[in-house]
Amino acid sequence: MEHLQPPEWSWREASGDFVHQWVKPLSEGSVDMVLYGAPLSRSSISVSGASLYPMEFRKMWKGFSTYNLDEDLDLSSYAVRDAGDVVMHTTDILLSHKRIEETTLELVSTFNSATTCLIGGDHSVTACAVRGVKRAFPNERIGILQLDTHLDVRDSVELGPANGTPIRQLIDGGIVRGDDVVNIGLHGYFNAAPLVAYAKEHGIRMVTLRKARELGVAQCVEQQLEELAERVDRVYVTIDMDVLDIAVAPGVPASTPGGMTAEELFMSLMRIGQHGTVRHIDFVCLDPSRDVATNATVKTGVYAWLEFITGRVLAQRGK
């Protein structure tokens, strides 16, 4: 893979009971999930150190076992292979975006039966990855399930391909249809009226967090995913970590009050992981440089990723 390099931080120990011993390099054995990083945050509208997250994400593996006590389930049978990080250009954002797109194209084409998981980076990387998926499967209809506080439909003509624009880039570029985008987690005072008007005009399914809680967030996510899956061939899930409440996730650039609890996100991801139409997922906009001393947000991010994998293993076992 031309644009991939070994991660800045990686564990290479013998097999064991912890995540850093379980995840192997891409070159080793069968593959259920291909993990890769996009350490980019120069394209962020607000000051962000989200480029640090792929490294800090891997560092935190040593603190997590592969055994999920809540589900009485060991995840170690699920083959996660780490492809490393996409090489980012120091100053050229468009070139960095092109490399993410091309790397995604290569990975999803080569490992077309595996789940791909991208660790960002700011939210601009999502548009790149989805374009890569579309190039690999040009005749397929791609749906997007977005858990986010923001719509991310700001105008890229005005802002460039920044982290507030990925969904609009994909809609305006004809990569996805607006009515194939579902955003759950919107709340409060963090989306200007013109952005909501754009979303309504293009048929984006907006589910406020308050509305989701009436049914139960995880159940709402599952219901919306089922409806989306009926319309599309594959689903790309994007998790903007600012969907979480600021008290839960202080280490995100655009943290807000009134967001999801950690448990709501975890349960949602376990349901998402069980759905076969979901083929791709990313976790973006987590800034370790803003985190608290206990690394609360980074730990929450790793936990969220493991809950998605738990869903995958449960699906494999037919539970």
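Here, every reference points to the structure presented above.
For every chain, the first residue of the written sequence is number 1, and numbering continues from 1 onward in sequence order. The predicted nature of this model means local features are confined to residues of pLDDT at least 70 and side-chain atom pairs, given and counted, to a pLDDT of 80 or more, with totals for whole chains, interfaces and linings taken over all residues. The basis for the side-chain values is all heavy atoms of the structure; hydrogens and waters are excluded.

Draft legend 1. Summary view of helix α11 (residues 296-316). Secondary structure elements are defined from DSSP: runs of H or I of at least 4 residues count as helices, runs of E of at least 2 residues count as strands, and each element is numbered from the N terminus. Working rule for helices: expected span equals 1.5 Å times residues minus one. Over its 21 residues, α11 extends 30 Å from the first C-alpha to the last, a length consistent with the 30 Å expected when each residue adds 1.5 Å. Three exposure classes are used, based on accessible area relative to the maximum for each residue type with a 1.4 Å probe and protein chains only: buried under 20%, partly exposed in between, and exposed over 50%. Within α11, 16 of the 21 residues are buried, which leaves it mostly tucked inside the rest of the structure. In the stretch just after α11, G318 is the one whose phi turns positive, near 70 degrees.

Draft legend 2. Broad picture of the side chain of T256. Along the chain, the position of T256 falls in the loop between β11 (234-240) and α10 (262-273). On the accessibility criterion, T256 (4% relative accessible area) is buried. Throughout this description, a polar contact denotes any pair of N or O atoms lying within 3.5 Å of each other; where both atoms belong to protein, one of them has to be capable of donating a hydrogen while the other can accept it, and for residues adjacent in sequence the pair is counted only when both atoms sit in side chains. Polar contacts involving the side chain of T256 include one to the side chain of H187, which spans 3.2 Å.

Draft legend 3. Local environment of the nonpolar core. The set of buried Ala, Val, Leu, Ile, Met, Phe, Trp, Tyr and Cys residues whose side-chain atoms join them within 4.5 Å is what this entry labels a nonpolar core. Counting 58 residues, the largest nonpolar core has W22, L145, I272, F283, W305 and I309 as the members making the most contacts within it. We call two residues contacting when some pair of their heavy atoms lies within 4.5 Å. Residue contacts for I272: discarding those within four places in its chain leaves L145, L147, V221, L225, V237, V278, F308 and R312. With 41 residues, the next largest nonpolar core counts I100, V125, L186 and C285 among its residues.

Draft legend 4. Representation of unusual backbone geometry. A cis amide bond, omega 15 degrees, links G120 with the succeeding residue G121. Notably, C285 is not glycine yet its phi reads approximately 65 degrees, a positive angle. Examined against the element boundaries, C285 turns out to sit in the loop between β12 (278-284) and α11. Among the residues examined, C285 registers a relative accessible area of 6% and is labelled buried. Its identity as a non-glycine residue notwithstanding, N295 has a phi of 60 degrees, on the positive side.

Draft legend 5. Layout of the pairing of strand β3 (residues 33-38). With 6 of 6 residues buried, β3 is to be regarded as a mostly interior element. A two-sided burial pattern is seen for β3, the buried positions comprising M33, L35 and G37 on one face and V34, Y36 and A38 on the other. Strand pairing is assigned whenever DSSP identifies at least 2 bridges connecting the two strands. Both β3 and strand β6 (residues 80-86) contribute to a ladder of 5 bridges, which runs parallel. Within the sheet, the bridge partner assigned to V34 lies in β6 and is R81. Relative to strand β7 (residues 115-120), β3 runs parallel, the two sharing 6 bridges.

Draft legend 6. Focus on the packing of α10 against α11. Geometry is summarised by axes, namely lines fitted to C-alpha atoms with helices restricted to the contacting stretch, and by angles between N-to-C directions that run from 0 to 180 degrees. Contact geometry for α10 and α11: axes closest at 6 Å, N-to-C directions at 35 degrees. You can see that α10 and α11 cross each other, and the crossing is right-handed. Side by side, α10 and α11 meet where L265, F266, L269, M270, I272 and G273 of the first sit next to T300, Y303, A304, E307, F308, T310, G311, R312, L314 and A315 of the second. Gly is placed with the polar residues, together with every amino acid not listed as nonpolar (Ala, Val, Leu, Ile, Met, Phe, Trp, Tyr, Cys and Pro) or charged (Asp, Glu, Lys and Arg). Of the residues in the contact of α10 with α11, the class split is 10 nonpolar, 4 polar and 2 charged. Definitions for this section: a left-handed crossing has its near helix turned counterclockwise from the far helix by less than a right angle. A right-handed crossing has that turn clockwise.

Draft legend 7. Structural context of the pattern of salt bridges. Each reported salt bridge corresponds to a side-chain nitrogen of Lys or Arg within 4 Å of a carboxyl oxygen of Asp or Glu. Counted by the stated rule, this structure contains 14 salt bridges. Across the pair K59 and E56 runs a salt bridge whose closest N-O atoms are separated by 3.5 Å. With K59 and E56 both in helix α2 (residues 53-59), this residue pair falls 3 residues apart, about one helical turn. Judged by relative accessible area, K59 falls into the partly exposed class, the value being 30%. Note that R271 is salt-bridged to E222, the shortest N-O span being 2.7 Å. Residue R271 is located in helix α10, and its partner E222 is located in helix α9 (residues 217-231); the two are separated by 49 residues in the primary sequence.

Draft legend 8. Inspection of the packing of aromatic side chains at higher detail. Within 6.5 Å between ring centres, the rings of Phe, Tyr and Trp (the latter by its six-membered ring) count as paired, and their orientation is classed by plane angle as stacked under 30 degrees, edge-to-face over 60, tilted in between. Counted under the stated rule, the structure contains 7 aromatic pairs. On the basis of an interplanar angle of 15 degrees and a centroid distance of 4.1 Å, the ring pair of F266 and Y303 is categorised as stacked. Remark: Y303 occurs in helix α11 and F266 occurs in helix α10; sequence separation between them is 37 residues. Taken together through their ring pairs, the aromatic side chains of W22, Y53, F57, W61 and W305 make up a single cluster. The cationic tip of K59 hangs over the ring face of W9; the distance from NZ or CZ to the ring centre is 5.0 Å. Put simply, a charge is over a ring when the Lys NZ or the Arg CZ is close to the ring centre, within 6 Å, and near the line of the ring normal, within 35 degrees. Its guanidinium or amino end placed over the ring of F137, R234 lies 3.7 Å from that ring's centre, counting from NZ or CZ.

Draft legend 9. Expanded view of the environment of L75. Positionally, L75 belongs in the loop between β5 (73-74) and β6. Overall, L75 belongs to the buried group, its relative accessible area being 2%. Excluding its chain neighbours within four sequence positions, the residues that come into contact with L75 are W22, T66, L306, I309, T310 and V313.

Draft legend 10. Structural view of the pairing of strand β8 (residues 142-147). Where burial is concerned, most of β8 is hidden: 6 out of the 6 residues are buried. Side-chain alternation along β8 places I142, I144 and Q146 on one buried face and G143, L145 and L147 on a second face that is also buried. The sheet contact formed by β8 and β11 spans 6 bridges and is parallel. Residue pairing in the sheet places G143 in a bridge with V235 of β11. Here β8 runs beside strand β9 (residues 181-186); their pairing, made up of 4 bridges, is parallel. Looking across to β9, one finds that Q146 is bridged to N183.

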